[in-house]
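One letter stands for each residue in the lines below.
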Amino acid sequence: MKKFELGKRHKLCGAVAVDRLFTDRDSHSALCYPLRGVWREASSRKEGDAPFQFVVTVPKKRLRHAVDRVAARRRIREAYRLNHGDIEAQRAGDSMPADIAFVYVANSVLPSASIHAAMRRLLVKIHHIENNISTNISAGDSNV
């Protein structure tokens, strides 16, 4: 049964972790309009933390009114809450946790349905790219 919880353990906290996410060379990025995802494998996690921790960013440059930024943030968090269980179930055997940032790139608040669809596509991209990287590394090691 899927878990639809989204608690404190799922949130990426700390200025150092967020800064490392956006500046590290190991970070990957993908765009699924109206969301841009930036992620990287995390070095370590505490015992009770979730395998994926995320942060949501809605730039003031895109949405000038605070009411609109809050509405977009709520819709993104809700989309993640409903869809993260599938990806966590698929990645259950993987030991490497990941940090994810969702950046809203649209110039207006879009309906929840489009944000949910973009979140699903983005999470699938993140999952497939991570699998491709790990299979490429293991294939390269076997040739040595």
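Along each chain, residues carry numbers from 1 onward, in the same order as the chain's sequence is written. The predicted origin of the model limits local features to residues at a pLDDT of at least 70 and limits the giving and counting of side-chain atom pairs to 80 or more, whereas totals for whole chains, interfaces and linings rest on all residues. Note: side-chain values were computed over all heavy atoms of the structure, leaving out hydrogens and water.

What about the packing of aromatic side chains?
Just so we agree on the cut-off: Any pair of Phe, Tyr and Trp rings, taking the six-membered ring for Trp, is counted once the centres come within 6.5 Å. Such a pair is stacked with planes under 30 degrees apart, edge-to-face with planes over 60 apart, and tilted for the rest. To qualify as a helix, a DSSP run of H or I must reach at least 4 residues; to qualify as a strand, a run of E must reach at least 2; elements of each kind are numbered from the N terminus. Note on classification: 1.4 Å probe, protein chains only; a residue is buried when its accessible area is under 20% of the maximum for its type, exposed when over 50%, partly exposed between these limits.
According to the stated counting rule, one finds three aromatic pairs in the structure shown. Ring plane angle 35° and centroid distance 4.3 Å describe the contact between F54 and Y80, whose orientation is recorded as tilted. Residue F54 is found in strand β3 (residues 52-57), and its partner Y80 is found in helix α2 (residues 66-90); the two are separated by 26 residues along the sequence. What makes F54 buried here is its relative accessible area of 4%.

Here we look at the sheet that holds strand β1 (residues 28-32)
Going by this rule: Between any two strands, pairing holds if DSSP finds at least two bridges. To obtain each axis, a line is fitted to C-alpha atoms, and for helices this fit is confined to the stretch in contact; angles are then taken between N-to-C directions over 0 to 180 degrees.
Spatially, β1-β2-β4-β3 is the arrangement adopted by the four strands of the open sheet, whose pairing is mixed. The open sheet has two free edges, formed respectively by β1 and β3, since each of these has just one partner strand. Neighbour to neighbour, the strand axes of the sheet diverge by 20° on average, direction disregarded. Of the strand pairs in this sheet, β1 and strand β2 (residues 35-41) are connected by five bridges, and their pairing is antiparallel. Looking at β2, one finds that L31 is bridged to R36.

Taken by themselves, the reported measurements are silent on function.
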